[in-house]
Amino acid sequence: MVQTLDAALAIPDRAPSRRLVWQPWVYLTPTIATFVVWTYWPLIVAAYLSFYQWNMLPTATPRFVGWENYANLLTLPEMRQAVRNTALYILGLLPLSVVLPTAVAILTQDLSGPFRSLYRSLIFIPIIIAPIVAAVLWRWLLNEDHGLVNAGIEVLGLTPVGFLKDPSIALWTLVWITGWKLIGFATLLLSAANGTIDPGYIEAARMDGATRWQVIRDVRLPLLSPTILLLTMMTILFGAQWSFVYINALTGGGPLQSTTNVFYLMWDYGFQSYSAGWSATAGMLTFAGFGLIAVLCLWLMKKVAVHEG
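Thresholds applied
Residues numbered from 1 in each chain as written. Predicted model: local features only at pLDDT ≥ 70, side-chain atom pairs only at ≥ 80, totals over all residues. Heavy atoms only, no water. Core = buried A, V, L, I, M, F, W, Y, C linked by side-chain atoms within 4.5 Å. Buried < 20%, exposed > 50% of the residue type's maximum accessible area, 1.4 Å probe, protein only. Helix = DSSP H or I, 4+ residues; strand = E, 2+ residues; numbered from the N terminus. Contact = heavy atoms within 4.5 Å. pLDDT = per-residue confidence, 0-100. Patch = residues over 30% accessible without salt bridge, like charges linked within 9 Å, V, L, I, M, F, W, Y side chains within 5 Å. Areas by Shrake-Rupley, 256 points an atom, 1.4 Å probe, with all protein chains shown as cover. Salt bridge = Lys/Arg side-chain N within 4 Å of Asp/Glu carboxyl O. Lys, Arg positive; Asp, Glu negative; His and termini not counted. Charge placed at Lys NZ, Arg CZ, Asp CG, Glu CD. Axes fitted to C-alpha atoms, helices over the stretch in contact; angles between N-to-C directions. Parallel < 35°, antiparallel > 145°, perpendicular 65-115°, else oblique. Nonpolar A, V, L, I, M, F, W, Y, C, P; charged D, E, K, R; others polar. Phe/Tyr/Trp six-rings, centres within 6.5 Å; stacked < 30°, edge-to-face > 60°. Polar contact = N/O pair within 3.5 Å; in protein donor to acceptor, adjacent residues only side chain to side chain. Left-handed = near helix turned anticlockwise from the far one by under 90°. Expected span 1.5 Å × (residues − 1). Bend = angle between axes of the 7 residues up to and from the residue.

## Remarks on the nonpolar core
Right, so step 1: If you look at the biggest cluster of nonpolar residues, it comprises 41 residues, and the most contacted ones within it are Tyr89, Leu174, Ile177, Tyr246 and Leu250.
Right, so step 2: Those elements that provide at least two residues to this core are α3 (77–107), α5 (131–141), α7 (170–195), α9 (212–242), α10 (244–251), α11 (262–271) and α12 (276–304).
Right, so step 3: With seven residues, α7 is the single largest residue contributor to this core.
Right, so step 4: Residues contacting leucine 250, with those up to four places away along its chain left out, are Ala135, Arg139, Leu164, Leu174 and Ile177.
Right, so step 5: One finds Val98, Ala105, Val219 and Ile228 within the second-largest nonpolar core, a separate group that totals 16 residues.

## Quick notes on the confidence of the model for the chain
Right, so step 1: Summary statistics for the chain give a mean pLDDT of 86 and a share of 92% for residues scoring 70 or more.
Right, so step 2: Mean pLDDT across the elements of the chain ranges from a minimum in helix α1 (residues 2–49), with 75, to a maximum in α10, with 93.

## Quick word on unusual backbone geometry
Right, so step 1: Between glycine 254 and the following residue, proline 255, the backbone shows a cis peptide bond with an omega angle of -5°.
Right, so step 2: Here proline 255 is to be found in the loop between α10 and α11.
Right, so step 3: A positive phi angle, near 55°, is found at leucine 256, a position not held by glycine.
Right, so step 4: By relative accessible area, leucine 256 is classed as exposed at 75%.

## Considering the side chain of threonine 251
Right, so step 1: Examined against the element boundaries, threonine 251 turns out to sit in helix α10.
Right, so step 2: By relative accessible area, threonine 251 is classed as buried at 16%.
Right, so step 3: Excluding anything up to four places from it in sequence, threonine 251 contacts Leu164, Leu174, Tyr246 and Thr259.

## Section: a negative patch on the surface
Right, so step 1: A cluster of acidic residues, Glu144, Asp145, Glu154 and Asp166, forms a negative patch at the surface.
Right, so step 2: Looking at the element boundaries, glutamate 144 is found in the loop between α5 and α6 (148–155).
Right, so step 3: Given a relative accessible area of 30%, glutamate 144 falls into the partly exposed group.

## Here we look at the packing of α9 against α12
Right, so step 1: Taken N-terminus to C-terminus, the directions of α9 and α12 make an angle of 175°; their axes are 10 Å apart at the nearest point. Judged by the inter-axis angle, α9 sits roughly antiparallel to α12. Across the interface between the two elements, Ser225, Pro226, Leu229, Leu230, Met233, Ile236 and Leu237 of α9 pack against Phe290, Ile293, Ala294, Cys297, Leu298, Met301 and Val304 of α12.
Right, so step 2: Residues of the contact of α9 with α12, tallied by class, amount to 13 nonpolar, one polar and no charged.

## Quick word on the packing of aromatic side chains
Right, so step 1: Per the stated rule, a full pass over the model turns up 14 aromatic pairs.
Right, so step 2: Aromatic pair phenylalanine 35 and tyrosine 40: ring centres 6.2 Å apart, planes at 35°, arrangement tilted.
Right, so step 3: Taking the relative accessible area as the measure of exposure, phenylalanine 35 reaches 44% and is therefore partly exposed.
Right, so step 4: Feature note: the residues Tyr48, Tyr52 and Phe64 constitute an aromatic cluster, connected by ring pairs.

## Observations concerning the side chain of threonine 108
Right, so step 1: If you trace the backbone, threonine 108 turns up in the loop between α3 and α4 (114–128).
Right, so step 2: Look at threonine 108 and you get buried, because its relative accessible area is 15%.
Right, so step 3: Within the structure, threonine 108 has its side chain in polar contact with the backbone oxygen of valine 104 (distance 2.5 Å).

## Thoughts on the environment of isoleucine 228
Right, so step 1: Position of isoleucine 228 relative to the elements: it lies in helix α9.
Right, so step 2: For the pair isoleucine 228 and leucine 189, spaced 39 residues apart in sequence, the C-alpha separation works out to 9.4 Å.
Right, so step 3: Not counting residues up to four positions away in its chain, the partners in contact with isoleucine 228 are Val98, Thr102, Leu190 and Leu221.

## Here we look at α11
Residues spaced three or four apart along an α-helix face the same direction, because each turn holds 3.6 residues.
Right, so step 1: Every buried residue of α11 is listed here: Val262, Phe263, Tyr264, Leu265, Tyr269 and Gly270.
Right, so step 2: Among the structural elements, α2 (68–74), α3, α9, α10 and α12 are those in contact with the buried residues of α11.

## So, the packing of α7 against α9
Right, so step 1: For the pair α7 and α9, interaxial distance at closest approach is 10 Å and the crossing angle is 155°. Taken as axis vectors, α7 and α9 run roughly antiparallel relative to one another. With respect to the hand of their crossing, α7 and α9 are arranged in right-handed fashion. Taking contact as the criterion, the partners of Thr178, Leu182, Phe185, Ala186, Leu189, Leu190, Ala193 and Asn194 in α7 are, on α9, Arg220, Leu224, Thr227, Ile228, Leu231, Met234, Gly239 and Trp242.
Right, so step 2: Here the residues of the contact of α7 with α9 are counted per class, giving eleven nonpolar, four polar and one charged.

## Let's talk about α7
Right, so step 1: Compared with the 38 Å implied by 1.5 Å per residue over 26 residues, the 38 Å span of α7 between its first and last C-alpha is a close match.
Right, so step 2: Leucine 182 marks the point of greatest bend in α7, at about 35°.
Right, so step 3: The buried fraction of α7 is high, at 19 of 26 residues.

Have a look at this one:
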């Protein structure tokens, strides 16, 4: 009788355990489905198309060319130019998305009251402006004939500058516009991380006679390293991609392909030249290159980042 009761009582315990095994997967199903549909399946299709030539017309049949697309792109001068420009975009964005926000977040940490809220509101405004709206705004401001920036330059007695027409400075103009959009987000992220630092560390350093600079160098910066490295990785992996809207709206990759990067070139092959094979090949090369960089960045973050405790 006792064994029967024990068996009866044990049955309800097994059912919840089975449900607990399946419940997480039920909740994860929408996310997994989203990744499969919008990330992994397009990646598989792109890898497949990279071995074919196809003009994307429904009546045209894709023609298998093997590794020919890869061989052609790797020897193409405009591809090398796009890779070089991509590296310049990333290098130019790092001071605007990492160095400057870190300095602003640390130097304004002691602000209080309405001034702190005001500065955060002002610095965050660019990030809430739609990229295409920002592009139109900057096109008007930087216009060589009627722009406000060149009007101010002429007042100083200087020659107007072709910010979007001069090949030597057009890329750096787009770097500034992209960075201007990112400064607010990066500053608020670093300010939040700076605010979570245990005040006990700061007080202990000050009691030991540390100066303000020594507190920043030996306490704040090391404890901010995870956030700084995260922003650095995001800039390296996505910085050139974030500039696509401004390239498309302001320069179209010119003048003389001086502002083209690999993401714009990928779009140009697919939707301007209608070469799905070349576009997919450029996408796979970009994916492979940035994938290796992402692995390296994650490894460095584990090695270099400093965490409390």
